[in-house]
Amino acid sequence: MKDANANAEGKKAAGIAAAARVSDGQRVGLGTGSTAAFAIAELGRRAREEGLRIECVATSLQSRNLALDAGLTVLSLDRVAELDISIDGADEIDPALNLIKGGGAAHTLEKLVHSMSKRFIVVADPSKLSETLGTKFRVPVETLPFAAAYVTKALGELGAQSVDLRSGSGKDGPVITDNGNIVLDARFAITDPAWLEAQLKSIAGVVESGVFARVKPRPGDCLIGEGAAVRIL
């Protein structure tokens, strides 16, 4: 389980720096997770204190609630076709800015929202940097519940070293995504992230994977919060 409080100072610095890149009148995609939450809070502060006028879409119920609590205007995702900018965290980032996401099981809507955006900003702390994807984090695969056995077999045939059904916390049974599906966490030795992403997407019963290598646009700025400072990759 991820520790949402780990490296909080760096996450906050990165979130605030990302929110500063949002301009008046823009439509903004809001990611999910502890680092994105700092960006949402800062956007709310800017709206209250600076008069920033933006419209947002959220990648999860959690982010939607945070945005509403911050006083932001949140639109229904199914009514929006294009966004000016989106901000999100990542669970693992390689030197080419390929990502693994989905620690919060929101990667399907995150991939949709970032694909809709003209500009995609990643916010993270240094612990998320990796020379090779899959070294620190398994690949989340959102799967239709009744396809679990078949998808598990297909992941093994694709080279997964292990596949585990993600269990819920504070409840019996598996994690259920906002889309009503389950998550399989697969351990891969990843040599070609774009190839793996395409192969995972081609498996019947897979809704979406947490590999972000083919998503367009590619991450523009990757803001790494190191204490109170921010480094741009």
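Now for a quick tour of the structure. (Residues numbered from 1 in each chain as written. Predicted model: local features only at pLDDT ≥ 70, side-chain atom pairs only at ≥ 80, totals over all residues. Heavy atoms only, no water.)

**Details of empty space enclosed by the protein**
Where empty space is left can be seen by rolling a probe of water-molecule size over the atoms.
Right, on to step 1. The final tally for this structure, using the stated rule, is 1 cavity of 30 Å³ or more.
Right, on to step 2. Size it by volume and the largest cavity reaches roughly 40 Å³.
Right, on to step 3. Forming the walls of the largest cavity are Thr59, Ser60, Ala105, Ala106, His107, Thr108, Leu109, Glu142, Asp178 and Asn179.
Right, on to step 4. For the lining of the largest cavity, the element with the most residues is helix H4 (residues 107-116), which contributes 3 residues. (1 Å grid on protein atoms, 1.4 Å probe; cavity = no way out; pocket = protein on both sides within 12 Å on 5 of 7 lines; lining within 4 Å. Points joined across faces, edges and corners; volume = space filled by probe spheres on them. Helix = DSSP H or I, 4+ residues; strand = E, 2+ residues; numbered from the N terminus.)

**With respect to the packing of aromatic side chains**
Right, on to step 1. Going through the model one piece at a time under the given rule, you end up with 0 aromatic pairs.
Right, on to step 2. One Lys or Arg, Lys101, reaches over the ring of Phe212 and ends 5.7 Å from the middle of that ring. (Phe/Tyr/Trp six-rings, centres within 6.5 Å; stacked < 30°, edge-to-face > 60°. Lys NZ or Arg CZ within 6 Å of the ring centre and 35° of its normal.)

**Remarks on the sheet that holds strand S13 (residues 222-226)**
Right, on to step 1. Within the open sheet, the 7 strands sit side by side as S3-S2-S1-S4-S7-S13-S14. Their pairing is mixed. Edge strands, defined here as strands with exactly one partner in the open sheet, are strand S3 (73-74) and strand S14 (229-232).
Right, on to step 2. Strand direction decides the pairing type here: strand S2 (residues 55-58) and S3, joined by 2 bridges, are parallel. Residue Cys56 lies in a different strand from S3, and its bridge partner there is Val74.
Right, on to step 3. Against the sheet, H4 touches strand S1 (27-30), S2, strand S4 (85-88) and strand S7 (120-124), its axis set at about 145° to S4. (Pairing = 2+ DSSP bridges. Contact = heavy atoms within 4.5 Å. Axes fitted to C-alpha atoms, helices over the stretch in contact; angles between N-to-C directions.)

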